[in-house]
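Residues per chain are reported as follows:
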Amino acid sequence: MNAIVALCHFCELHGPRTLFCTEVLHAPLPQGATNGESPGQGEQAEEEEGGIQMSSRVRAHSPAEGASAESSSPGPKKSDMCEGCRSLAAGHPGYISHDKETSIKYVSHQHPNHPQLFSIVRQACVRSLSCEVCPGREGPIFFGDEQHGFVFSHTFFIKDSLARGFQRWYSIIAIMMDRIYLINSWPFLLGKIRGIIDELQGKALKVFEAEQFGCPQRAQRMNTAFTPFLHQRNGNAARSLTSLTSDDNLWACLHTSFAWLLKACGSRLTEKLLEGAPTEDTLVQMEKLADLEEESEGWDNSGAEEEEKGPVLPEGAEGRELAKCPTGASSLSDCGNWQSRKLSVFKSLRHMRQVLGAPYFRMLAWHVLMGNQVIWKSRDVDLVHSAFEVLRTMLPVGCVRIIPYSSQYEEAYRCNFLGLSPHVQIPAHVLASEFAVIVEVHTATRSMLYPVGCEDDQSLSKYEFVVTSGSPVAANRVGPTILNKIEAALTNQNLSVDVVDQCLVCLKEEWMNKVKVLFKFTKVDSRPKEDTQKLLSVLGASEEDNVKLLKFWMTGLSKTYKSHLMSTVRSPMASESRN
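Residues numbered from 1 in each chain as written. Predicted model: local features only at pLDDT ≥ 70, side-chain atom pairs only at ≥ 80, totals over all residues. Heavy atoms only, no water.

Chemist: Break down the overall build of the chain for me, with residues and values.
Modeler: From N to C terminus, the chain includes 21 helices and 14 strands. Taking all 579 residues of the chain together, the buried fraction comes to 44%. Taking the intrachain contacts of the chain between residues at least 6 apart in sequence as the baseline, contacts between residues at least 24 apart amount to 70%. Per element, the accessible surface of the chain, about 30600 Å² overall, is 54% carbon and sulfur. (Helix = DSSP H or I, 4+ residues; strand = E, 2+ residues; numbered from the N terminus. Buried < 20%, exposed > 50% of the residue type's maximum accessible area, 1.4 Å probe, protein only. Contact = heavy atoms within 4.5 Å. Areas by Shrake-Rupley, 256 points an atom, 1.4 Å probe, with all protein chains shown as cover.)

Chemist: Tell me what's going on with the nonpolar core, and back it up with residues and numbers.
Modeler: Judged by nonpolar contacts, the single largest core of 65 residues is most densely connected at Phe-346, Met-352, Trp-376, Leu-391, Phe-465 and Trp-553. Sort the elements by how many residues they give to this core and helix α17 (residues 497–524) lands first, with 10 residues. Formed jointly, this core draws a minimum of three residues from each of two domains, domain 2 (349–444 + 459–477) and domain 3 (498–570). Discounting residues that sit within four places of it in the chain, Phe-346 has contacts with His-351, Met-352, Val-355, Trp-376, Leu-383, Ser-386, Ala-387, Val-390, Leu-460 and Phe-465. Membership of the second largest hydrophobic core comes to 40 residues, among which are Leu-7, Ile-158, Ile-172 and Ile-197. (Core = buried A, V, L, I, M, F, W, Y, C linked by side-chain atoms within 4.5 Å. Domains from an automatic or database assignment.)

Chemist: Provide a residue-level description of the packing of aromatic side chains, including the pertinent values.
Modeler: Following the criterion strictly, the structure yields 15 aromatic pairs and no others. Considering the side-chain rings of Phe-142 and Phe-150, the 6.1 Å spacing of their centres and the 5° angle between planes classify their relative orientation as stacked. Assessed through its relative accessible area of 28%, Phe-142 is described here as partly exposed. Owing to a relative accessible area of 5%, Phe-150 belongs among the buried residues under this scheme. Among the aromatic residues, ring-to-ring pairing joins Phe-20, Tyr-95, Trp-251 and Phe-258 into one connected group. The aromatic ring of Trp-169 is capped on one face by Arg-137, whose charged end is 3.9 Å from the ring centroid. (Phe/Tyr/Trp six-rings, centres within 6.5 Å; stacked < 30°, edge-to-face > 60°. Lys NZ or Arg CZ within 6 Å of the ring centre and 35° of its normal.)

Chemist: Describe in detail helix α8 (residues 250–268), supporting the description with residues and values.
Modeler: Between its first and last C-alpha, α8 extends 27 Å over 19 residues, near the 27 Å set by a 1.5 Å rise per residue. Looking only at α8, the buried set comprises Leu-250, Trp-251, Ala-252, Leu-254, His-255, Phe-258, Ala-259, Leu-261, Leu-262, Lys-263, Ala-264 and Cys-265. (Expected span 1.5 Å × (residues − 1).)

Encoded structure:
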């Protein structure tokens, strides 16, 4: 945690003073803290606790700096400090702890070495012991601003038999620039700092009771009630905190506590990326997974006779992928071998566009986006499978229905991606239909028929591709907006394949949002056609191809989304709002 924890004291002679502070260093120590040190003298390991190694480091200054430690320090001069204002003795090396996990150093001394940090800590100290005080003058409080940082301050009293009122005023402050983080850490800081304070007060109370038992101060002060107070206390104006607690290792213990506090408070809160509500593709995939689990439970409960026949893939419902073994696969092992073959024939949409050529690719992509049936005829099963894996990325998951390879023609209502062997006869009405496109893969008469500059993949050099349809897409046809944007991304060589994939995800999400609006407007609210046309104009989808695309993509909406809208419409609150 990028913060500073400090112990402050209100001196009756000098006012608010910083006694001890611990700060976090993410970089190597300042030059003045490393010059003139040897491994044996400069750093003496004392203990290791919780992954933090504690050591003492001498801050030796080289003669070239031309100043003593006192004159170069931003802190107050010796003449302005009494015994109660001083924590570490003159020449004390201070304390430093190394966090081995994060390579962070926790450094403790009386004042920060950096002048700006000294000013921030000094101001927070003054405010915590003067104006920013909670009722009762003992307890936690929060204050600060963007310029000087935000402060968590906890004031408390320490018993002292020689002090006015038999107690002295202290505070522990935590300073950082992140207001939200500090506020969220309030419960943690309050509990841990309260524990440190209780320990200090407990030690001081024992010393106070022992001194009062040996020499009660109350009766002695009553006898000298008319003696000027300032003259009386000159003999022992202030006492150090080590004297009040009778603990010579007090500052080392405070360093350990403050260092642990900074480390623990920094690791207890972590930032998380919130991706928002799940996308339609995610919802559809979850629904498919749930359906498959239900079907698998049904298969497990089937009789022994059905198990002997071997697994049979169901005649899939809408939105499911149906996988069939290639022709000639007579056993389950053959089908498994087909699944394990190399499938990376077409590597990306850009690769496919280079292989097929721009006109063929545009025709194929247009039919894919419109929801027409795409038929691939080839002997190479891997080629067909890879083609479908690439083309399906242009559609929402709910709009994809694939039969990778079949020995007979399947109707369009069962699949919009169909792979066939070359000898399969396609019905005449399908060949002449404007709602189907056929890609025939033939053995090439010469090598390297696809354009030069394509990705290095010699497996395609032996093929030539012929794309036909009953309604070919004219070259001058505008087409759906999303198709034009996809082609623009594919032709932009400055965009890598990964960037193009992310562009495609964003485009699909954009148009699925338009589909949601249109679905609610037409199916749920039942608005008239005139209003629907106005809505399409607002959405930028009034062209014929865009309207067809939206209607097809509407079939890919998840059941969860549809049921949510329907339940909202049926609720009494919705009926009242419409009325």
